[in-house]
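What follows is each chain in one-letter form.
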Amino acid sequence: MSLHLHDTATRTTREFHPRCDGVASIYVCGATVQGVPHVGHVRSGLNFDVLRRWLRHKGYDVRLVRNVTDIDDKILTKAAEAGRPWWEWAATHERAFESAYDRLGCLPPSALPRATGHITQMIDLIQRLIDKGHAYPAGGDVYFSVSSYADQYGRLSGQKLDDVQQGETLASGKRDPRDFTLWKSAKPGEPSWPTPWGAGRPGWHLECSAMATFYLGGEFDIHGGGLDLVFPHHENELAQSNAAGDGFARYWMHNAWVTMSGEKMSKSLGNTLTIPSVLQRARAAEVRYYLVTPHYRSTIEFSEEALAEAVSTYRRIESFLRRVAQRTGEVEHGEVRPEFAAALDDDLSTPQAIAVVHNAVREGNAALDM
């Protein structure tokens, strides 16, 4: 059952031991549903689908939670620009994301919580932090006090406390520019929920901490997401959860980006390829193969040539399976080759695992040609 995973928090590859015997719990940061999904968005879902399937193969009962951020500044802005209700805009693009995951072969998550469905849990977490002296209300907002947790803050991302910049506006009630927002006070025309500190809506970091612990408990096995989430999102999740008294994630795993011309694929840069458009170039299984064959911690530089090469390679595997079916009448599942298992046990080394598959195809074709 040996499996070694790279842990972002310790910056080492260490043996995976689940918290509960026979059960592996995983929380994956899902989409902020502001628009149509692109290949950069879905890579995380695909990588953690591979992890989930391999853990299941090894005999674990895998409980994977992937959240939906359905309330956010970007969603409100995009919906307003389109002249559509924010909730309808979010729901429309949530369906687009789930369709993309489904078409690309991702197993459905054990739970798919929306941020707006867990306001009660978020309020409870804020209150715990205030009670412990790690958060403070100010004019309807609530902030996490980074200095109150200074000895631990930055251990995931490696950020030095003096260099921390949250990327937030320095509001009048914020005591320290390094503090981050847990709760945002209501603004005219925006959705809001009642709290002891005034009406408003949750901060992004708070949402994931509340949902992860609600579904997987105060301590769970693996927290995953894209490399761009390490700071500030995951650093802040870890800080607020630990400060509240939760053990939170025991392993942190982050997949690398999909880039075009050396830049991260993102809507703000305008260098995106939507899943519907890519699926006009290649079948879903071929796109999946293209995105999961590189190691999850390696950057993928997207190009039409690389996609075409992946399509050709995948079809060679299909061709071999058709030859086997024609000769034997069907293709049966066999035992996993030891070298294939060893590759995936080594921090999900999909390139090495796929190399084993191609060796088997070459050997099989040679045997059929005899």
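Residues numbered from 1 in each chain as written. Predicted model: local features only at pLDDT ≥ 70, side-chain atom pairs only at ≥ 80, totals over all residues. Heavy atoms only, no water.

Visitor: Would you mind showing me how to read the pattern of salt bridges here?
Guide: Should the charged atoms of two oppositely charged side chains come close, the side chains can pair. In the structure shown here, the tally under the stated rule is 24 salt bridges. For E286, the salt bridge identified is with R283, shortest N-O distance 2.7 Å. Overall, the relative accessible area of 38% leaves R283 in the partly exposed class. One continuous salt-bridge network, built from bridges that share partners, spans D73, K184, E190 and R201. (Salt bridge = Lys/Arg side-chain N within 4 Å of Asp/Glu carboxyl O. Buried < 20%, exposed > 50% of the residue type's maximum accessible area, 1.4 Å probe, protein only.)

Visitor: Whenever I open this one, the nonpolar core confuses me. Can you help?
Guide: Buried together is how nonpolar side chains tend to be arranged in soluble globular proteins. Grouped together as the largest cluster of nonpolar side chains are 43 residues, with contacts concentrated most on Y27, L129, F144 and L182. Elements that contribute at least two residues to this core include exactly α4 (119-131), β6 (141-144), β7 (180-185), α5 (204-216), α6 (230-244) and β10 (248-255). Counting residues in each nonpolar core, the second largest holds 39 residues, with A100, V278, A282 and V287 among its members. (Core = buried A, V, L, I, M, F, W, Y, C linked by side-chain atoms within 4.5 Å. Helix = DSSP H or I, 4+ residues; strand = E, 2+ residues; numbered from the N terminus.)

Visitor: Please explain the sheet that holds strand β4 (residues 61-66) as it appears in this structure.
Guide: Two modes of strand pairing occur in sheets, parallel and antiparallel, and in both the strands are linked by backbone hydrogen bonds. Read across the open sheet, the four strands follow the order β4-β3-β9-β10; overall the sheet is parallel. Each having just a single partner strand, β4 and β10 make up the two edges of the open sheet. Taking each pair of neighbouring strands and ignoring which way they run, the sheet shows an average axis angle of 25 degrees. Judged from the seven bridges that link them, strand β9 (residues 219-226) and β10 form a sheet pairing that is parallel. Within β10, the residue paired with I222 across the bridge is Y251. Those strands touched by α5 are β3 (23-28), β4, β9 and β10, and its axis lies near 160 degrees from that of β3. (Pairing = 2+ DSSP bridges. Axes fitted to C-alpha atoms, helices over the stretch in contact; angles between N-to-C directions. Contact = heavy atoms within 4.5 Å.)

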